[in-house]
Amino acid sequence: MTKKKSLQKLTKIESLSSKKEVKEFLQNNPKKEGEVIEFLHNRLFKSYNEKLGLEDETIGFFETLSEVTNNLSPFIKLKNTTYEINHTKITDCIHNYISNNRNFPMIHTISGKTGLSRQTVYKHLKSGLKNEFNSIVKGKNEIMSMQALQQLYLIGIQDRNASALKHFIQLSGGANNNTTNVNNYIQINNLKISNEDFNKLPTETILEVEAIISKSIEEGGKINK
């Protein structure tokens, strides 16, 4: 008898096919919130894996669940995961298409190759990294940025590359307020030139100065080696 009852309950949850039904079920069965969340998660990932096109609808069900239970955590977590999955699919598709065709794919092309709806692709491209649910993607970018900074540091140290070290310090935030004051002017012996004055110089003069400094840095590096 117990097995038959649990099977009926599972079947009832699996039969939910609209926001209205999800809402009514949760209102009548508030203790079944966990089972509904599990069902919706499975439904979503099955849709992704089998390209059923039920992603937007399932996310809508999650939104209804959050409204009824007044619990935003499952919805926010799902949206972050969904954004990550969509971002990976869309960026991979765009990269491969551009590599093969030398131009940007149309929305319907991305939709066809990823299995995502046109609406999903459109929303993702429109919001970009400004989307409020992109915390996972941002986290990945931050980790990759740290790796890039480490490589920049190694290039600067191993190759004695002053330019690489300068950019490492700037990008890593190593140039604090105490050092920025030093960079407000250029001093050559007793001559001081502010950044504003320097930028007012003719373009040809600025390029000549940059060339001289770059050459001096390169020659200094060779001598030190």
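Predicted model only: the values in this text are computed from it and were never measured.

## Some words on the overall build of the chain
Logical step 1: Along the chain, the regular secondary structure elements total 12 helices and 2 strands.
Logical step 2: Element order for the chain, N to C, with α for helix and β for strand: α-α-α-α-α-α-α-α-α-α-β-β-α-α.
Logical step 3: Residues classed as buried in the chain amount to 24% of the 225 residues present.
Logical step 4: For the chain, the share of sequence-separated contacts (at least 6 apart) that also reach a separation of at least 24 residues comes to 45%.
Logical step 5: Of the roughly 16,200 Å² that the chain leaves accessible, carbon and sulfur atoms contribute 53%.

## Some points on a nonpolar patch on the surface
Logical step 1: Together, Ile98, Phe104, Ile107, Tyr122 and Leu125 give the surface a local cluster of nonpolar side chains, amounting to about 440 Å² of exposed area.
Logical step 2: Relative to the helices and strands, Leu125 resides in helix α7 (residues 118-127).

## Examining the pattern of salt bridges
Logical step 1: Counted according to the given criterion, the structure contains 2 salt bridges.
Logical step 2: A salt bridge links Glu57 to Arg43; the shortest N-O distance between them is 2.6 Å. Of this pair, Glu57 sits in helix α4 (residues 55-69) while Arg43 sits in helix α3 (residues 33-50), placing them 14 residues apart in sequence.
Logical step 3: Glu57 sits in the partly exposed class, given a relative accessible area of 33%.
Logical step 4: Accessibility expressed as a relative area gives 16% for Arg43, which makes it buried.

## Observations concerning the confidence of the model for the chain
Logical step 1: Residues at a pLDDT of 70 or more form 77% of the chain, whose mean pLDDT is 77.
Logical step 2: Within the chain, no element has a lower average pLDDT than helix α10 (residues 177-180), which sits at 43, and none a higher one than helix α6 (residues 107-114), at 91.
Logical step 3: Within the model, the stretch residues 4-10 combines pLDDT values under 50 with 1 contact to residues more than four positions away or in other chains.

What counts, and where the lines are drawn
- Residues numbered from 1 in each chain as written.
- Predicted model: local features only at pLDDT ≥ 70, side-chain atom pairs only at ≥ 80, totals over all residues.
- Heavy atoms only, no water.
- Helix = DSSP H or I, 4+ residues; strand = E, 2+ residues; numbered from the N terminus.
- Buried < 20%, exposed > 50% of the residue type's maximum accessible area, 1.4 Å probe, protein only.
- Contact = heavy atoms within 4.5 Å.
- Areas by Shrake-Rupley, 256 points an atom, 1.4 Å probe, with all protein chains shown as cover.
- Patch = residues over 30% accessible without salt bridge, like charges linked within 9 Å, V, L, I, M, F, W, Y side chains within 5 Å.
- Salt bridge = Lys/Arg side-chain N within 4 Å of Asp/Glu carboxyl O.
- pLDDT = per-residue confidence, 0-100.

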